[in-house]
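Structural overview
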Amino acid sequence: MEIPYQERPKTPERPKSEAEARVMDEVAELDIGLQLEKHPKIRERLAEIGTHFEDSVDMAKIIRTVFGELAKKLELKGEDRERMMRAAVLHDIGKSGPPGKKGPFHEAVQTLFVPPATPFRTHVDGRPKSIEEFMTEQGMSDREKLKADLAAAGIDADKESIIDFWRRHAGWSYEILKGESGTDVDADLIKVVATHHLFENQNPATLDFHNAPKETQALLEQTEMIAAVDKYQAFRARGGMDHETTIVQLHKISDARPPDIPQTLRDKFKSVIDILDRNKDALEQYFERK
């Protein structure tokens, strides 16, 4: 009797490092449907961004904490809670560098995304500081090699500002995740992830926010939620600001946004700020250890 051939299911790749195993454990604990056993590249990249991953996990927890109010303001459904938490976990994956074969450039990128060892202001006398200035102020002994590795990828460390360099991660996140899409990392989720710096002129998913159809408008509003929570978490954890100062800074950011931003999106951003403000006591738990 001939036994018909049946292809054996692929065995999920096991974590290659302790850092990857930790990433899998923390994501599993969130219980948000992100199947990292099926996404070894995503798992590897998340492990490479170090403390940025920990910040992203805290962002996901913040979203879970205030989701009830967010759902009412942004007209979200119950199942969107896990989707938005997945977006939070993935939003900084581009800080591992662009997709493709890794080499000296990726190492340079990851070095420059390590949080500053000393307090650093991105601007001086009204102009943004360059990558070179950042490396010098941080006392990086290998900055000549870093500059050479950046130059090989077409980035001039003397001319490009460090803030523009850091913002490149949004586009890299988009390109990385496009190659890893699935039911848990769908096309709309990837757009939300990639567009969290939309109003800093980072729009790799090319979303049209002027004449957006209803579906795109919903994505833009979700992006505003990720952007507000991202900035809140960063100011609290990395900037060392207390809750009240952070809320003031978020309102300043909202007021300073370009005039062509539709009022509806401005209002959604402010709504998220107000929700965060009302939940001060519930959110303190995520900053006690910072």
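All of the points below concern the structure found in this document. (Residues numbered from 1 in each chain as written. Predicted model: local features only at pLDDT ≥ 70, side-chain atom pairs only at ≥ 80, totals over all residues. Heavy atoms only, no water.)

Attention now moves to the overall build of the protein chain. Secondary structure assignment for the protein chain yields 14 helices and 2 strands. A globule of 290 residues ought to have a C-alpha radius of gyration of about 19 Å, and the protein chain, at 20 Å, matches this closely. Of all 290 residues assigned to the protein chain, the portion counted as buried reaches 49%. Sequence separation of 24 or more characterises 69% of the internal contacts of the protein chain that already satisfy a separation of 6 or more. Carbon and sulfur atoms provide 49% of the accessible area of the protein chain, an area that totals close to 14,900 Å². (Helix = DSSP H or I, 4+ residues; strand = E, 2+ residues; numbered from the N terminus. Rg over C-alpha atoms; globule rule 2.2 N^0.38 Å. Buried < 20%, exposed > 50% of the residue type's maximum accessible area, 1.4 Å probe, protein only. Contact = heavy atoms within 4.5 Å. Areas by Shrake-Rupley, 256 points an atom, 1.4 Å probe, with all protein chains shown as cover.)

Take the packing of aromatic side chains next. Evaluation of the coordinates by the stated rule reveals 7 aromatic pairs. Taking the centre distance of 6.0 Å and the plane angle of 90 degrees together, the rings of Phe105 and Trp172 count as edge-to-face. Here Trp172 lies in helix 9 (residues 169–178) and Phe105 lies in helix 5 (residues 104–112), a separation of 67 residues in the sequence. Here Phe105 matches Trp172 in class, with each residue buried. Ring geometry for Phe134 against Trp166: centres 5.3 Å apart, planes inclined by 80 degrees, an arrangement best described as edge-to-face. Of the two residues, Phe134 sits in helix 6 (residues 131–137) while Trp166 sits in helix 8 (residues 162–167), which places them 32 residues apart along the sequence. Taken as a pair, Phe134 and Trp166 share a single burial class, namely buried. One aromatic cluster is present, built from ring pairs that chain together Phe105, Phe113, Phe165 and Trp172. Arg236 extends its terminal NZ or CZ atom over the ring of Phe287, reaching a point 4.4 Å from the ring centre. (Phe/Tyr/Trp six-rings, centres within 6.5 Å; stacked < 30°, edge-to-face > 60°. Lys NZ or Arg CZ within 6 Å of the ring centre and 35° of its normal.)

Before going further, it helps to spend a moment on the packing of helix 11 (residues 214–237) against helix 12 (residues 243–255). Remark: helix 11 packs on helix 12, axes separated minimally by 10 Å, with the N-to-C direction vectors making an angle of 135 degrees. The angle between helix 11 and helix 12 places the two elements in the oblique class. In terms of crossing hand, the pair formed by helix 11 and helix 12 is right-handed. Mapping the contact onto sequence places Ala228, Lys231, Tyr232, Phe235 and Arg236 in helix 11 and His243, Thr246, Ile247, Gln249, Leu250 and Ile253 in helix 12. Each residue belonging to the contact of helix 11 with helix 12 can be placed in one class, and the counts come to 6 nonpolar, 3 polar and 2 charged. (Axes fitted to C-alpha atoms, helices over the stretch in contact; angles between N-to-C directions. Parallel < 35°, antiparallel > 145°, perpendicular 65-115°, else oblique. Left-handed = near helix turned anticlockwise from the far one by under 90°. Nonpolar A, V, L, I, M, F, W, Y, C, P; charged D, E, K, R; others polar.)

Another point: the pattern of salt bridges. Tallied over the entire structure, the rule returns 24 salt bridges. Glu244 is paired through a salt bridge with Lys280; the nearest N and O atoms lie 2.6 Å apart. With Glu244 in helix 12 and Lys280 in helix 14 (residues 280–283), the pair connects residues that are 36 residues apart, well separated along the chain. Three or more residues are tied together by salt bridges with common partners; here these are Glu132, Arg143, Lys147 and Asp158. (Salt bridge = Lys/Arg side-chain N within 4 Å of Asp/Glu carboxyl O.)

Right, let's get into the packing of helix 12 against helix 13 (residues 263–278). Their axes nearest at 10 Å, the elements helix 12 and helix 13 cross at an angle of 175 degrees. Taken together, helix 12 and helix 13 sit at an angle that is classed as roughly antiparallel. Packed against helix 12, whose contacting residues are His243, Ile247, Leu250, His251, Ser254 and Asp255, the element helix 13 presents Arg266, Phe269, Lys270, Ile273, Asp274, Leu276 and Asp277 at the interface. In terms of residue class, the contact of helix 12 with helix 13 is made up of 5 nonpolar, 3 polar and 5 charged.

One finds Leu46, Ile63, Val89, Leu90 and Met225 to be the most contacted residues of the largest nonpolar core, which totals 65 residues. Per-element accounting of this core gives the leading share, 11 residues, to helix 3 (residues 51–74). In this structure Leu46 touches Val23, Leu36, Phe53, Val89, Leu90 and Ile93, once residues within four positions along its chain are discounted. Formed by 19 residues, the second largest nonpolar core is a distinct cluster that contains Leu112, Phe120, Ile131 and Met140. (Core = buried A, V, L, I, M, F, W, Y, C linked by side-chain atoms within 4.5 Å.)

Before going further, it helps to examine unusual backbone geometry. Backbone phi values are negative for most residues with the exception of glycine, while trans is the configuration of most peptide bonds. A positive phi is found at Asp31, a non-glycine position, where the angle reads about 55 degrees. Examined against the element boundaries, Asp31 turns out to sit in the loop between helix 1 (18–30) and helix 2 (40–48).

Moving on, we come to the environment of Thr264. For Thr264, the location among the structural elements is in helix 13. Residue classification places Thr264 among the partly exposed positions, given a relative accessible area of 44%. Each C-alpha atom of the pair Thr264 and Asp158 lies 39 Å from the other, and the pair is 106 residues apart in sequence.

Tracing the backbone through its elements, the reader meets Gln217 in helix 11. Ignoring sequence-local partners within four residues, the contact set of Gln217 consists of Ala212, Thr264 and Leu265.

Here we take up helix 12. Taking 1.5 Å of rise per residue, the 13 residues of helix 12 would be expected to cover 18 Å, and the 19 Å separating its terminal C-alpha atoms lies within 8% of that figure. Every buried residue of helix 12 is accounted for by His243, Thr246, Ile247, Leu250 and Ser254. With its buried residues spanning 100 degrees around the axis, helix 12 presents them on a single face. Along helix 12, exposed side chains directed more than 90 degrees from the buried face belong to Lys252 and Asp255. Of the surrounding elements, those touching the buried residues of helix 12 are helix 11, helix 13 and helix 14. (Expected span 1.5 Å × (residues − 1). Arc of directions from axis to C-beta.)

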